[in-house]
Amino acid sequence: MPSNSVRTQTPPFTNELPAPIFFRSATVPAHASYPRHRHPWGEFVYSFSGVMEVKIAGHHYLAPPHYGIWLPPDVEHVGLNRHEACHCSLYVERDLCSTLPAAACAVTVRPLMRSILDHLRQYPPGLSTTDEEARLMRVLVDQLAAAERAGSYLPTSDDPVLGPILRAMEEHPGDNRPLSELVSLAGSTERTVMRRCQRELGMSFAEWRQRLRVVKAMSLLEEGMTVQAIAAYFGYGSASAFIAMFRRVVGLTPAEYRKSGRGEAVFGRGGCCDKGT
């Protein structure tokens, strides 16, 4: 099978959950995809390594480290990842979702939530959960209800003007051409594209491209690529320039990020916004 072939994954439950709150973790290969589906319970998705993406109609949610994605009951969605990832899902039956967000969103994962998720990954509950496991997962739901809500750290858009430019950047993140040249991909003007960026993404094109590189750099760091090679891949003139950008955005140098395992990093200091189409 070619390395870039899509590997279809099967959602574990279709009709009912084995418990009112249930935790499941899985390691999935690169280019894996959960096909379009919906279920009558809520789902919180978090990635321990790699970056998980969820597509919902015209919205594309991407949660890098320290963000998770909340999906309310009955929301049709597609899950995917471009690189190998270890992720988990916390399934919450409908009656327990009243305090959770009514719309899909990314939420900030604070240290306590991360610790509980890590514990559950190491000691996964069985289909028949114990009272202790049920209490722990209830605490996790309470923490989820209190978590800071966002849109998506790296929003995207299917806008006919903006979409071709964003897709080109995702395929070639080291492309350093200015926006004034990239607009030819959309047959539009720089002013029009700048307005679409603010309307569709909630940020400038320059900020979006920087976030794209940070998210992709995280996956490359996890794969063991050197900082120098990553800097060259993204078109930086020196490793120090890339390190300075990464530290400004993430709060850690690439080496510190790789060493920390993301445990206490503060990611994305600033607003997150997802704009649908």
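Residues numbered from 1 in each chain as written. Predicted model: local features only at pLDDT ≥ 70, side-chain atom pairs only at ≥ 80, totals over all residues. Heavy atoms only, no water.

A. Focus on helix α8 (residues 239-250). Between its first and last C-alpha atoms α8 spans 16 Å; for 12 residues at 1.5 Å apiece the expected length is 16 Å, and the two agree. Inspection of α8 places Phe-242, Met-245, Phe-246, Val-249 and Val-250 among the buried residues, and these make up the whole buried set. Looking straight down α8, one finds its buried side chains confined to an arc of 110°; they lie on one side. (Helix = DSSP H or I, 4+ residues; strand = E, 2+ residues; numbered from the N terminus. Expected span 1.5 Å × (residues − 1). Buried < 20%, exposed > 50% of the residue type's maximum accessible area, 1.4 Å probe, protein only. Arc of directions from axis to C-beta.)

B. How the structure looks around the layout of surface pockets. Counted as a void, the largest pocket has a volume near 360 Å³. For the largest pocket, the lining is made up of 14 residues, of which Lys-55, His-60, Arg-82, Arg-167 and Glu-170 are closest to its centre. Only β6 (59-63) and α3 (163-171) provide two or more residues apiece to the lining of the largest pocket. In terms of residue count, α3 provides more of the lining of the largest pocket than any other element does, three residues in total. (1 Å grid on protein atoms, 1.4 Å probe; cavity = no way out; pocket = protein on both sides within 12 Å on 5 of 7 lines; lining within 4 Å. Points joined across faces, edges and corners; volume = space filled by probe spheres on them.)

C. Region of interest: unusual backbone geometry. Even without glycine at this site, Asp-74 takes up a positive phi of about 70°. Structurally, the position occupied by Asp-74 is in the loop between β7 (67-71) and β8 (77-81).

D. View of the pairing of strand β9 (residues 85-92). Across the eight residues that make up β9, a large majority, eight, are buried. Residues Ala-85, His-87, Ser-89 and Tyr-91 point to one face of β9 and Cys-86, Cys-88, Leu-90 and Val-92 to the other, with burial holding for every one of them. The pairing of strand β2 (residues 21-28) with β9 spans eight bridges and is antiparallel. If you follow Ala-26 over to β9, its bridge partner there is His-87. By the bridge criterion, seven bridges tie strand β4 (residues 42-49) to β9 in an arrangement that is antiparallel. When the bridges of β9 are listed, Phe-44 appears paired with Leu-90. (Pairing = 2+ DSSP bridges.)

E. Region of interest: the packing of α3 against helix α6 (residues 205-222). Packing of α3 against α6 brings their axes to within 10 Å, and their N-to-C directions diverge by 30°. Taken together, α3 and α6 sit at an angle that is classed as roughly parallel. For α3 against α6, the interelement crossing comes out right-handed. Along the contact surface, α3 presents Ile-165, Leu-166, Met-169 and Glu-170, while α6 presents Phe-205, Trp-208, Arg-209, Leu-212 and Lys-216. Considering only residue class, the contact of α3 with α6 consists of six nonpolar, no polar and three charged. (Axes fitted to C-alpha atoms, helices over the stretch in contact; angles between N-to-C directions. Parallel < 35°, antiparallel > 145°, perpendicular 65-115°, else oblique. Left-handed = near helix turned anticlockwise from the far one by under 90°. Contact = heavy atoms within 4.5 Å. Nonpolar A, V, L, I, M, F, W, Y, C, P; charged D, E, K, R; others polar.)

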